[in-house]
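A look at the structure
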Amino acid sequence: EPEVTQTPSHQVTQMGQEVILRCVPISNHLYFYWYRQILGQKVEFLVSFYNNEISEKSEIFDDQFSVERPDGSNFTLKIRSTKLEDSAMYFCASSLGGEKLFFGSGTQLSVL
Amino acid sequence: AQSVTQPDIHITVSEGASLELRCNYSYGATPYLFWYVQSPGQGLQLLLKYFSGDTLVQGIKGFEAEFKRSQSSFNLRKPSVHWSDAAEYFCAVGPRAGNTPLVFGKGTRLSVIA
C-alpha cells in the first residue's frame, strides 16, 4: 500500500532555531495536511494545503509556521523560531479528496 | 463547538478478552466518524469509518464500531483482543461536505496482558 513518508523521525533543536519538517505525500494525492500531537494531548489540526495554497489553518498556525510544496513531491512545514511549546509529534497526511486521510509515521520535535 | 471525547485514557485487557473503547462527539450535524490506531513508532492507520447506512461498521483487524445517533457515540469493539492490538486508539469526526479538517479525541491507550 502506498505510504506517506516523513523525515526525520526525530528532530532536536534549540529554542529560537528554525526547523523544517519534511513529508512526501502519496503521489496522486491532491490534499495535504499537517497535524500535531503534544504529549498527552489530542491530535490537533494545523493546516491544509490544496492547489499550491493553504486552504485552511488553525489558530495554532501563526506567523511562525509556513508550508511549502517546493517540487511537486515534497510537502514541508517550517517553524521559523521554535519555542519550547512547539515540542510535539508532527504528522503529515494526504488524501485524494474527502474523507480518507493517509498519515505518515510522524516527526518527534524536541525543542530544548 | 466540535469536539470528541474519549473518556478512557488507558485501558488494560487480557489477551483473548473482549474490548470496547468509548467515543462521544459533539458536532453541528451528523458527521463522518473514524477510528484510527497508532502503533508505537507508526503513523495513524485508519481502522474503520462510518458515513451512512448500517450503523454497525466493520473494519480491519477484526474491529467493529457502532454509531448511535441518540447517544452521539461511536464505540469501538473487538470480541477477542490479541497482544498485537496494544496501541493508541483515536476517534475522529469530520464534515460530510467540504474539506474541513478532522477533529480528534485525546486517544485511549490499550495495553494487553497475557
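What you see as residue numbers is a count from 1 along each chain, following the sequence as written. Just so you know, chain letters begin at A and ligand numbers begin at 1, following the order they were written in. This being a predicted model, a pLDDT of at least 70 is required before a residue's local features are given, and a value of 80 or more before pairs of side-chain atoms are given or counted; all residues contribute to the totals for chains, interfaces and linings. Excluded from the side-chain calculation are hydrogens and water; included are all heavy atoms of the structure.

So, about the environment of Gln58 of chain B. All names here are of chain B. Inspection of the secondary structure assignment puts Gln58 in strand β7 (residues 56-58). For the pair Gln58 and Arg77, spaced 19 residues apart in sequence, the C-alpha separation works out to 9.8 Å. Contacts are residue-level and defined by heavy atoms, with any inter-residue pair within 4.5 Å sufficient. In contact with Gln58, not counting residues within four places along its chain, are Leu48, Phe63 and Glu64. By the criterion applied in these results, polar contacts are pairs of N or O atoms within 3.5 Å in which, for protein atoms, one can donate a hydrogen and the other can accept it, and in which residues neighboring in sequence qualify only through two side-chain atoms. At a separation of 3.2 Å, a polar atom in the side chain of Gln58 contacts the side chain of Glu64. The helix count covers DSSP runs of H or I at least four residues long, the strand count covers runs of E at least two residues long, and both are numbered beginning at the N terminus.

Contact with chain A, which involves 17 residues of that partner, is made by 19 residues of chain B. When two parts are brought into contact, each loses some accessible area as probed by a 1.4 Å sphere; the total of that loss over both is the buried area. Regarding the contact of chain A and chain B, the summed buried area is about 1600 Å², with carbon and sulfur atoms giving 60% of it. For salt bridges, the criterion is a side-chain nitrogen of Lys or Arg within 4 Å of an Asp or Glu carboxyl oxygen. Run the count over chain A and chain B and you get zero salt bridges. Counting across the chain A and chain B interface gives one residue pair in polar contact (both at pLDDT 80 or more).

This part is about the layout of surface pockets. Cavity means a closed set of points on a 1 Å grid over the protein atoms alone, one where a 1.4 Å probe fits but cannot get out, pocket means an open set with protein on both sides within 12 Å along at least 5 of 7 lines, and lining means a residue has an atom within 4 Å of a point. Grid points are joined across faces, edges and corners, and a volume is the space filled by probe spheres set on the points. By volume, the largest pocket is sized at about 500 Å³. Lining the largest pocket are 21 residues; nearest its centre among them are Glu1, Glu3 and Phe103 of chain A together with Leu44 and Gln45 of chain B. Counting residues per element, the ones that place at least two in the lining of the largest pocket are β10 (102-103) of chain A together with β6 (44-50) of chain B. Considering every element that reaches the lining of the largest pocket, the biggest residue donor is β6 of chain B, with three residues. The classification used treats Ala, Val, Leu, Ile, Met, Phe, Trp, Tyr, Cys and Pro as nonpolar, Asp, Glu, Lys and Arg as charged, and all other residues, Gly among them, as polar. Residue composition of the lining of the largest pocket, by class: nine nonpolar, eight polar and four charged. By volume, the second largest pocket is sized at about 390 Å³. Taken together, the residues of the lining of the second largest pocket sort by class into five nonpolar, nine polar and three charged.

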